[in-house]
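# Analysis of the macromolecular model
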Amino acid sequence: MSEIDDDSSDSGSHSSGATVRRLQLGAHLRALRRAKGISRDQAGYEIRGSESKISRMELGRVSFKERDVTDLLRFYGVTDEAEHRRVLTMVREANAPSWWQAYGDVLDTWFQNYLDLEQAAELIRTYEVQFVPGLLQTDAYARAVIKLGHEDDGPEEIDRRAKLRMARKQVLERPDAPRLWAVLDEAVLRRPIGGRDVLREQIEYLLEISESPRVRLQVMPFDSGGHAAAGGAFSILRFPHEKLPDVVYIEHLTNGLYLERREEVDRYAAAIGRLFIEADRPDRTPATLRKILADS
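Structure report, in brief. A quick note: this is a predicted structure, and the numbers were derived from the prediction, not measured. (Residues numbered from 1 in each chain as written. Predicted model: local features only at pLDDT ≥ 70, side-chain atom pairs only at ≥ 80, totals over all residues. Heavy atoms only, no water.)

## A few points about the environment of Ala 182
- By the secondary structure assignment, Ala 182 is in strand 2 (residues 179-185).
- If near-sequence neighbours (up to four positions away) are discounted, Ala 182 is found in contact with Thr 126, Pro 133, Arg 216, Leu 217 and Gln 218. (Helix = DSSP H or I, 4+ residues; strand = E, 2+ residues; numbered from the N terminus. Contact = heavy atoms within 4.5 Å.)

## Regarding the layout of surface pockets
- Approximately 1200 Å³ is the volume attributed to the largest pocket.
- What lines the largest pocket is a set of 41 residues, and nearest its centre among them are Glu 128, Phe 131, Arg 165, Glu 251 and His 252.
- Secondary structure elements with two or more residues in the lining of the largest pocket: helix 6 (109-120), strand 1 (123-128), helix 7 (139-149), helix 8 (155-169), strand 4 (234-238) and strand 5 (247-251).
- The residue inventory of the lining of the largest pocket, partitioned by class, reads 24 nonpolar, ten polar and seven charged.
- Roughly 200 Å³ of volume is contained in the second largest pocket.
- Looking at the second largest pocket, it is lined by eleven residues, and the ones nearest its centre are Leu 23, Arg 30, Leu 59, Pro 245 and Glu 260.
- Ranked by residue count, the leading element in the lining of the second largest pocket is helix 1 (residues 18-35), at three residues.
- Among the residues making up the lining of the second largest pocket, the classes are represented as six nonpolar, no polar and five charged. (1 Å grid on protein atoms, 1.4 Å probe; cavity = no way out; pocket = protein on both sides within 12 Å on 5 of 7 lines; lining within 4 Å. Points joined across faces, edges and corners; volume = space filled by probe spheres on them. Nonpolar A, V, L, I, M, F, W, Y, C, P; charged D, E, K, R; others polar.)

## Concerning the packing of aromatic side chains
- Under the criterion given, the structure shown has nine aromatic pairs.
- Residues Phe 111 and Tyr 249 carry aromatic rings whose centres are separated by 6.4 Å and whose planes lie at 50° to one another, so their mutual orientation is tilted. Remark: Tyr 249 occurs in strand 5 and Phe 111 occurs in helix 6; sequence separation between them is 138 residues.
- Relative accessible area serves as the criterion here: at 11%, Phe 111 is assigned to the buried category.
- Look at Tyr 249 and you get buried, because its relative accessible area is 4%.
- The interplanar angle of 55° and the centroid separation of 6.5 Å between the aromatic rings of Tyr 127 and Phe 234 together place this pair among those described as tilted. Of this pair, Tyr 127 sits in strand 1 while Phe 234 sits in strand 4, and the two are 107 residues apart along the sequence. (Phe/Tyr/Trp six-rings, centres within 6.5 Å; stacked < 30°, edge-to-face > 60°. Buried < 20%, exposed > 50% of the residue type's maximum accessible area, 1.4 Å probe, protein only.)

Structure follows, in structure tokens:
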């Protein structure tokens, strides 16, 4: 039986992005190589490549050639033709264009992997100090945030970026939508991004979405003092696929940082766990949002 989940029938859905398929396939190839006691250098030589090429393949950092994967399967002693077909199906899915590539003209390269990971996650835990999380933004609020970071862009580019952000939100409407657990610093809800009317509309939307069973929203009040994640915003994504570890994502002005090492992920998981305890309870969020609306 293959160590890869045989769920290729959903290859056209948003739930299995190319990035996740590459991660799955890379992990499977790594397991096969290690089981045979073969070094990365030996495997690289077998496919006319190098140790670093095998490393990049096993980490899901590059696309896969069917010829290379076929050669590796044979080198690793995989003789089951059905297994070969399953793995090659994964190769084609890993190399398939993702839904967001239609927005490639306005999409930062470093953000592309995150979109696939977000679409494939079963749980997204996030902490925000500056803006409402992208998955929870209204169109008007999103446009205001985008203009802050792309002030030199014309109206058409702003419009394309906003449409991309709204397309991302559709993940929360799927039957298999991920659970979203977000903690917002109170400053996020009082900062008039786009003006008072835009902020009010955004808070009203948060009130509505907080009733969803898939969304848990908490607020870190001003009077809480210091807390576990004072260093800044971050997200932790968990996946339903075996052998895919949690990933921490930290977004900077010009790039994004992905943390996958167990000890790093564990530290962020502990931090957000403390945030969930230190922030106001989720059942108090509607009252907090209504108070902020009344104050604005």
